[in-house]
Amino acid sequence: MTYARPIPALKETIDRQVGHAYDDVYCLYRQLHQYPELPFQEHETSTRLADALESLGCEVTRGVGRTGVVALLRNGEGPTVMLRGDMDALPIEEQTGLDFASREVAETPDGKQVPVMHACGHDLHSSCLVGAAAVLTSLREHWRGTVMLVCQPAEEIFGGARAMLDDGLYERFARPDIVLGQHNMPALAGTVGHIAGQAMAAATTLGVTIHGAGGHGSMPAQTVDPVVIAAHVVTRLQAIVSREVPPDQAVVVTVGKLHAGTQGNIIPHSAELEINVRSFDDELHGRVVEAIRRIVRAECEAGRSPKTPEFHVLSETITLANDASSVARIRQGHAEAFGEENLFDMPRLNASEDFAYFGNAQAGGFTGEDIPYVYWFIGTIDEARWHDTPGNSVADKMAHLEMPHSPYYAPGQVATLKAGMKAMASGALTFLRSA
């Protein structure tokens, strides 16, 4: 790949264009925040984003992977750089007190009415993507190639990346040379964090149904109690990490849901569990999931279950492992745009993302070699609060601050929006050929 020559006075050049685009991007951000939509329901969100990208002169296609948007910004021969921003929200009731806070209610796929909030900052990500497109449009004389802007649905359920790939993302539009993305984090606003290699965990949520033979609580010998079987499963699962995982590996197994029965004197016919696994090694991850299946089957047999247990993969994603050489290039570009003093080393996160599917050919289901990718982090906390927060490191301070998925999480301040626009634009320019 050919890399860009440095743009003279890069920081001042990009800052000026970010300033020009900011008002429109902030207006877009407020709209997206106030009217959030659940995964694969992002109809109004995707329309707003598509309209904004069309107004910048991009070639826009709607409805990719159900509700996704793809926009191409062409500027002659050169590399193709993909910039990705997610756009779905969460079933959380907002408690931020913002004057543009969400009051939306939506229906889930199982028919439940739930409040909806952008508690993970995906409205911020997609707004910054539009802002980066505006900056790159204004700097056409400094680069050559194609910018591929992807507004992805359904990240929160790990469904949107694969949906867009399965809908022919790379075949219909372009196969990128590099894939870039970012996420907000409770670090100092205006700073950017990088991590090479393993950055975010693989995750699987496994639904399990354990079958019993219900009856009266006074006559347990005439029943098969699925609650007892489920209790043994929960206890036995704790031994996987301590006895089957090498001690130098980080793996978490959590039973986040156990539901059975309706009343204390009734032994139910079944018990439902949801089990979450997180790790940083995809091969080991698969072994842990299989160990869960093995233990559930064995406990069901030991407990005289009349039917074999049922397993359903409710969601899953692979490890996000940044390409080290590409991280070094991005960090250099961000140092020019932000100044070295505004960069930090991001700690590895046990949280998960589906962004890695865009670069992993086997898991993503696309042909050819893997595509290098970089996923970085932008801060959201104002300077006064950051300095008042206890701790000597970014990781220490994060432990005292609201994280994404909190009903009080509000990342969209001025410095964060501008940093997100600038990080995306300067990241793209790092890999685009100079004029």
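Before reading on, note that the structure itself is shown above.
Residues numbered from 1 in each chain as written. Predicted model: local features only at pLDDT ≥ 70, side-chain atom pairs only at ≥ 80, totals over all residues. Heavy atoms only, no water.

A short note on the overall build of the protein chain
- Scanning the protein chain from terminus to terminus reveals 12 helices and 18 strands.
- When its C-alpha atoms are laid out on the principal axes, the protein chain stretches across 80 × 45 × 45 Å.
- The contacts in the protein chain between residues at least 6 apart in sequence include a share of 81% that link residues at least 24 apart.
- Averaging the positions of the 34 positive and the 54 negative side-chain charges in the protein chain gives two centres separated by 2 Å. (Helix = DSSP H or I, 4+ residues; strand = E, 2+ residues; numbered from the N terminus. Contact = heavy atoms within 4.5 Å. Lys, Arg positive; Asp, Glu negative; His and termini not counted. Charge placed at Lys NZ, Arg CZ, Asp CG, Glu CD.)

Focus on the pattern of salt bridges
- Scanning the entire structure with this criterion turns up 18 salt bridges.
- Salt-bridge contacts for Asp 86 lead to Arg 84; the nearest nitrogen and oxygen are separated by 3.6 Å. For the pair formed by Asp 86 and Arg 84, the shared burial category is buried.
- With a shortest N-O distance of 2.6 Å, Glu 244 and Arg 294 are connected by a salt bridge. Taken together, the residues span a long stretch of sequence, with Glu 244 in helix H6 (residues 226-244) and Arg 294 in helix H7 (residues 282-302) at a distance of 50 residues.
- Among the ionic contacts, a cluster of salt bridges with common partners joins Arg 84, Asp 86, Glu 353 and Asp 354. (Salt bridge = Lys/Arg side-chain N within 4 Å of Asp/Glu carboxyl O. Buried < 20%, exposed > 50% of the residue type's maximum accessible area, 1.4 Å probe, protein only.)

Here's the deal with the packing of aromatic side chains
- Scanning the model with the defined rule gives 8 aromatic pairs in all.
- The interplanar angle of 70° and the centroid separation of 6.3 Å between the aromatic rings of Phe 355 and Phe 358 together place this pair among those described as edge-to-face. Of the two residues, Phe 355 and Phe 358, neither departs from the other in class, the shared state being buried.
- Looking at Arg 162, its charged tip hangs above the ring of Tyr 357, at a distance of 6.0 Å from the centre. (Phe/Tyr/Trp six-rings, centres within 6.5 Å; stacked < 30°, edge-to-face > 60°. Lys NZ or Arg CZ within 6 Å of the ring centre and 35° of its normal.)

Describing the environment of Tyr 26
- With respect to the element layout, Tyr 26 can be found in helix H1 (residues 10-34).
- Looking at Tyr 26, the relative accessible area reads 27%, which means it is partly exposed.
- Separated by 392 residues in sequence, Tyr 26 and Lys 418 have C-alpha atoms that sit 9.4 Å apart.
- Look past the residues within four positions of Tyr 26 in its chain and what remains in contact with it is Phe 100, Gly 412 and Leu 417.

Digging into the layout of surface pockets
- The space that makes up the largest pocket amounts to roughly 910 Å³.
- Lining the largest pocket are 33 residues, with Leu 90, Glu 155, Glu 156, Ile 157 and His 405 positioned closest to its centre.
- Elements with a minimum of two residues in the lining of the largest pocket: strand E7 (178-188), strand E10 (202-211), strand E14 (270-279) and strand E15 (310-317).
- Per-class residue counts for the lining of the largest pocket are 17 nonpolar, 10 polar and 6 charged. (1 Å grid on protein atoms, 1.4 Å probe; cavity = no way out; pocket = protein on both sides within 12 Å on 5 of 7 lines; lining within 4 Å. Points joined across faces, edges and corners; volume = space filled by probe spheres on them. Nonpolar A, V, L, I, M, F, W, Y, C, P; charged D, E, K, R; others polar.)

Concerning the sheet that holds E7
- Overall, mixed pairing links the 8 strands, which are arranged E1-E2-E6-E3-E7-E18-E8-E17 in an open sheet. A strand with exactly one partner marks an edge of an open sheet, and here the two such strands are strand E1 (59-64) and strand E17 (343-345). The average angle at which neighbouring strand axes cross in this sheet is 25°, direction not considered.
- Bridge count for E1 against strand E2 (residues 68-75) is 5 bridges, and the pairing is antiparallel. Across the sheet, the residue bridging to Val 60 is Ala 71, located in E2.
- Relative to the sheet, helix H2 (residues 43-55) contacts E1, E2 and strand E6 (145-152), its axis offset from that of E1 by approximately 165°. (Pairing = 2+ DSSP bridges. Axes fitted to C-alpha atoms, helices over the stretch in contact; angles between N-to-C directions.)

So, the sheet that holds E15
- As summarised here, the arrangement of the 4 strands in space is E12-E14-E10-E15, forming an open sheet in which the pairing is antiparallel. Two strands close off the open sheet at either side, each with one partner strand: strand E12 (251-260) and E15. Strand-to-strand, the axes of this sheet are offset by a mean angle of 15°, without reference to chain direction.
- As judged from the 9 bridges shared by E12 and E14, these two strands associate in the antiparallel manner. Bridging from a neighbouring strand, Val 255 pairs with Ile 275 of E14.
- Packed on one face of the sheet, H6 meets E10, E12 and E14 and runs near 175° to E12.
- This element, H7, spans E10, E12, E14 and E15 of the sheet and lies at about 10° to E10.

Overview of the nonpolar core
- Of all hydrophobic cores here, the largest spans 57 residues; its most connected members are Leu 53, Leu 83, Leu 136, Leu 149, Leu 180 and Trp 376.
- Discounting chain neighbours no more than four positions away, the residues touching Leu 149 are Leu 53, Cys 58, Val 69, Val 70, Ala 71, Leu 73, Leu 83, Leu 129 and Ala 133. (Core = buried A, V, L, I, M, F, W, Y, C linked by side-chain atoms within 4.5 Å.)

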